[in-house]
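Residue-level listing of the chains:
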Amino acid sequence: MQRLNTKRRQLFLAITAASLGICQIASAQESQTIEVPKVELLPIEAPVIEEMLVTGRQQSAAQSVVTERLEEAFAADLMSSDQISRTGDSNVAVALTRVTGVTLLDGKYVYVRSLGERYSSTTLNGAAVPSPELTRNVLPLDLIPSSIVESLKVQKAYSPELAANFGGGAVDIRTKGVPSEFVFSLSLGSGMNTESDDGLTHASHGETYNMPTEIRNALNLYQGNLSEQRIGDFYKRSNQSVSNSERDLYAAQTNRDLLLSLNRDVEIYQKSLPADYSGSLALGNSWDLSDDLTFGAIINFGQDTKWRNKDQERHDIGSPEDRFSITQRTSEETRQIISTNLGLDYQDMHKLQASVYHIENIHDEARIKTGFNGSNYTLAEGSEYVFYETRLENRELEVGQLTGEHKLDQLNRSWLDSIVFDWFYSDSTVKTDVPNHVTISGDNTVDPATGALISTQLSPRAAMASFEFLNLEDNVISNGWNAKVPLVFDRLELTLSGGFNYNEKSREYYGYTANIDATGNQSAVLSGNVNDVLNSDRIADLNNNFELNVGGGFGTESYVAGQIVEGAYGMFDAKWDDTWRFTGGARKETFKQGLLPVDLLDYTGNSIVKIIDDISNNPDQRYGFSQDDWYPSLAITYMNEGFMNTEAFQIRLSASETVVRPDLREMSDVVYIDTELGMKVKGNSRLQFSELTHYDLRAEWFFDSGNNFTATLFYKDIANPIESTRLPGSDDDVILTFENSLSGEIYGLELEVLRDLGAGFFASSNLTLSDSEIISPEGQGYTNSTRPMTGQSEYVLNAQLGFDSEDGKHSASVVYNLFGERLFFAARNIGNHQDAYEQPFNSLDLTYSWYATDNVTTKIKLGNILNEERVFEQVNSNGVNVDILKQQVGTSFSLDVKYTY
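Residues numbered from 1 in each chain as written. Predicted model: local features only at pLDDT ≥ 70, side-chain atom pairs only at ≥ 80, totals over all residues. Heavy atoms only, no water.

Asker: How would you summarise the overall build of the protein chain if you had to cite specific residues and measurements?
Answerer: Looking only at helices and strands, the protein chain has 12 helices and 43 strands in total. Residues counted as buried form 51% of the 901 residues belonging to the protein chain. Excluding contacts between residues fewer than 6 apart, the proportion of contacts in the protein chain whose partners are at least 24 apart in sequence is 73%. For the protein chain, the exposed area adds up to about 39,400 Å²; of that, 54% sits on carbon and sulfur atoms. (Helix = DSSP H or I, 4+ residues; strand = E, 2+ residues; numbered from the N terminus. Buried < 20%, exposed > 50% of the residue type's maximum accessible area, 1.4 Å probe, protein only. Contact = heavy atoms within 4.5 Å. Areas by Shrake-Rupley, 256 points an atom, 1.4 Å probe, with all protein chains shown as cover.)

Asker: Explain the packing of helix 7 (residues 228-238) against helix 8 (residues 244-260) to me, using residue names and the numbers behind them.
Answerer: Two measures define how a pair of helices packs: the angle their axes make with one another and the distance between the axes. In the contact formed by helix 7 and helix 8, the axes pass within 8 Å of each other and the chain directions differ by 125°. The orientation of helix 7 relative to helix 8 falls into the category oblique. Judged by the sense of rotation from one axis to the other, the crossing of helix 7 with helix 8 is right-handed. On the side of helix 7, the interface is formed by Glu228, Ile231, Gly232, Tyr235 and Lys236, while helix 8 contributes Asn244, Glu246, Arg247, Tyr250, Ala251, Ala252, Thr254 and Asn255. Among the residues making up the contact of helix 7 with helix 8, the classes are represented as five nonpolar, four polar and four charged. (Axes fitted to C-alpha atoms, helices over the stretch in contact; angles between N-to-C directions. Parallel < 35°, antiparallel > 145°, perpendicular 65-115°, else oblique. Left-handed = near helix turned anticlockwise from the far one by under 90°. Nonpolar A, V, L, I, M, F, W, Y, C, P; charged D, E, K, R; others polar.)

Asker: If you had to explain unusual backbone geometry to someone new, which residues and values would you point to?
Answerer: Positive phi outside glycine occurs at Gln223, with the angle close to 60°. Within the secondary structure, Gln223 is located in the loop between helix 6 (213-221) and helix 7.

Asker: Which residues make up the nonpolar core, and what are the values?
Answerer: By size, the foremost hydrophobic cluster in this structure holds 50 residues, and its most contacted members are Val92, Leu96, Leu141, Ile144, Val149, Leu152 and Ile173. Core analysis: the second largest hydrophobic core is formed by 39 residues, Leu259, Val266, Val438 and Phe467 among them. (Core = buried A, V, L, I, M, F, W, Y, C linked by side-chain atoms within 4.5 Å.)

Asker: Give me the lowdown on the environment of Asp422, citing residues and values where you can.
Answerer: Position of Asp422 among the secondary structure elements: in strand 17 (residues 419-446). Its relative accessible area of 26% is what places Asp422 among the partly exposed residues. As for Asp422 and Gly480, which are separated by 58 residues in sequence, their C-alpha atoms are 8.6 Å apart. Sequence-distant contacts of Asp422, defined by excluding residues within four places in its chain, comprise Gly404, Glu405, Gly480, Trp481 and Asn482.

Asker: Which residues make up helix 6, and what values do they have?
Answerer: Those residues of helix 6 lying buried are Ile215, Ala218 and Leu219. One face of helix 6 carries all of its buried residues, which in axial projection span an arc of 105°. Turned more than 90 degrees away from the buried face of helix 6, the exposed residues are Thr213 and Leu221. Trailing helix 6 by a residue or two, Gln223 shows a phi angle of about 60°, which is positive. (Arc of directions from axis to C-beta.)

Asker: Provide a residue-level description of the sheet that holds strand 1 (residues 76-80), including the pertinent values.
Answerer: Sheet architecture is open: five strands sit in the order 1-6-7-4-5, paired in mixed fashion. Single-partner strands in this sheet number two, and they are strand 1 and strand 5 (127-128). Sheet topology places strand 4 (residues 120-124) next to strand 7 (residues 169-175); five bridges connect them, and they run parallel. By the bridge assignment, Leu124 is partnered in strand 7 with Ile173. (Pairing = 2+ DSSP bridges.)

Asker: Let's hear about the pattern of salt bridges: which residues, and what values?
Answerer: By the definition in use, this model includes 27 salt bridges. Across the pair Asp276 and Arg308 runs a salt bridge, and its minimum N-O distance is 2.9 Å. Of this pair, Asp276 sits in strand 11 (residues 276-288) while Arg308 sits in strand 12 (residues 293-309), and the two are 32 residues apart along the sequence. The pair Asp276 / Arg308 is uniform in exposure class, with both members buried. Within this structure, Asp77, Arg113, Lys156, Arg652, Asp696, Arg698, Glu700 and Glu750 form a network of salt bridges that share partners. (Salt bridge = Lys/Arg side-chain N within 4 Å of Asp/Glu carboxyl O.)

Asker: Account for the pairing of strand 33 (residues 761-775), naming residues and giving values.
Answerer: Two elements, strand 32 (residues 743-758) and strand 33, share 15 bridges in a ladder whose sense is antiparallel. Residue Leu751 lies in a different strand from strand 33, and its bridge partner there is Leu767. In this structure, the hairpin formed by strand 32 and strand 33 is closed by a connection of two residues, where Ala759 is found at a positive phi of approximately 60°. As judged from the nine bridges shared by strand 33 and strand 35 (residues 795-804), these two strands associate in the antiparallel manner. The residue of strand 35 that forms the bridge with Ala763 is Leu801.

Asker: Requested: an account of the side chain of Asn373, with residues and values cited.
Answerer: Position of Asn373 among the secondary structure elements: in strand 15 (residues 350-373). Of the polar contacts made by the side chain of Asn373, one reaches the side chain of Asn376; its length is 2.8 Å. A distance of 3.0 Å separates a polar side-chain atom of Asn373 from the backbone nitrogen of Tyr377. (Polar contact = N/O pair within 3.5 Å; in protein donor to acceptor, adjacent residues only side chain to side chain.)

Asker: For the pairing of strand 41 (residues 870-875), give the residues involved together with the corresponding values.
Answerer: In terms of burial, strand 41 is a largely internal element, five of the six residues being buried. For strand 38 (residues 836-838) and strand 41, the ladder comprises three bridges, and the chain directions are antiparallel. By the bridge assignment, Tyr837 is partnered in strand 41 with Glu873. In the sheet, strand 41 pairs with strand 42 (residues 881-887) via six bridges, with the strands oriented antiparallel. Bridge pairing links Val875 to Asn881 in strand 42.

Next comes the structure, spelled out in structure tokens:
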């Protein structure tokens, strides 16, 4: 009851503040006289544009997207490249956190209106693109640098031209096109992080070691089993005269030679971390080929490298004092982009553009995890476990796009305006390669009084060392067209539109794991650090008990999948007397998917036979299925210029129905590792689609001084929502999975305001208050069958105070971002522990830009000034609030200098 009353007070205060904000802005328009400077314009043919007051670099950037936002029939928020530049955000993921109701997960996945990444879709210039993530089917938005972005559009109310897979919102990344004049820019930058002075690295840093050819050939020869027993059996069949001792010696030596082919030079050590560095280059121009035809081209290059410590501390929920671990973790991340854009423009009526993007991300990481499990590893007995881990991940995204826009005026009449036809074709491929992910387990002897390290050795266990080799390739072909026919009558403007989209995706994910079995060894054989034990001399000695075997131990490690989505839509958009607007339509979409687990070690074909049998005889099989349905949408808008002294006022009500489908990885019965948090995650092939009904009510006030205010109420009803939960198991072996709940709902209020404060200052702020409820079936073991939705925050606040000097040479902004606690995973009745929540994160950033000349800009940014940590809490059965996971972030500093011609 207390919590409910708190929410009501929050809602009451927000509505009161909103009302006061409208009144203050409106009264400010009455009391202020604003003089608009006169601007001489050359006599060119162009649409008539209302006069706009430009009060400063940042404020005008915030106002630059207002026109498009007003023209949208369905609720959408936009962010221009200028706005992104002023806040100093280096990639799309961080930039989107400035948008109302948008939060970020793991620094790369967007939550819109507190709905997780599976409820948000992302397109690049309207086209679907694949994901390079091994653990998710969505595009990580930190991969896209802000330098190539023209604007970001977050549509929060569904319209039929969008794909029906729509939950919280649809994000469209619109890249910069060809220039209209000569463009040259060069920037260099550097930076650092307060938590990243010294860190970890490893002996194979930056090197690529794929699975050895010797092991690949041996897998084929010995039919997926490299044990000494299997090698000996095969040898005996072809050499029946050999003795058993000769057979055993041959098998042991062959197995040991295969083991020696692995790269074992992976010792981790400390080093001083260098400073971050970045650079970018853009060069372009346009040429008039004739009076009617213009050709333009631009090339962009950018690269940045950062070193970061992301140390973690974990505590077991049941016994936090006895079972806990500390992880030292350092990553080096390099991002690189090369893009080329070519364009033709004929009389501003026909535009063609070809674009190519190559984006590469290299992530190299080293970890040392030490801890106690309360049984055979305890501080009282001076025994501590240790895991050494190195991982190199290379992700490449290549996108080729062709787009066209055509205005056809040949049929123009008094009642028919120019017909507009646009189309696109996109072919994209992503490749992710993890050539040698190594995990090695060890045992430390420590001083029970101080915890100081006394000695170390590797563990005599079946998987003392694991070597993972993972490959993913995703291909997406996306194409479509849209047509608009505008009809003009005395008091009615009617636009009829329709279009078609086709998306085809194929995915291949293959993984091998080679393990070193060290059971039976004496302590002397395993004593020392990683390189001491895994050196060639000690491994080659057949008197030592080492054996290579292949198999992940987590379950099926590979799968192949395909997906086809076809959609066609029709819409109408009617404006009556510039007062009422009715927009509606429907989309017919067909969805087909096939997903087959692949056991790379099954040379008998039994796993394939089982799949074929299930497909043929099991009506409930989920290897392949299809679905098609209609998805309607309707919006009604009332417009009144001059209402409350506004330049533009409108209030919009919309309703729609959509679907959210689980991604390929979530529907594959594969256990994998979430590399960001280091937790095991298992897919669920029984997941069902979620069906959503949306309602939005948005009111917008825009004033001639540039001030504006927006208030939005939203409600979403969800059938079969997909939630993250924990599988039954021990407290020190947490495995997360996905399950459908019975029903869910989320509703809330969004407020947004931009206000000129005078003297070069302005304030921009947005606040989202929301609540949600998920109902799971009884009897499934949840601690709370009724609970909030995963990832939903009761509040999300973005606030910006900006300053532009009168001479235009200085610009600064202080940006604050806060989200409330959000559900991390739903707990099972394992010890009667409560659900786990990620705690609020206060982010305070400062950006200052100095425009020394018209060509040179210097930018300084401080990020996470408050030095906040990511904290995940869970209340155990004793009522104790446990920090089950803490991860440091650190305060970052960057300096960039840019020259623009």
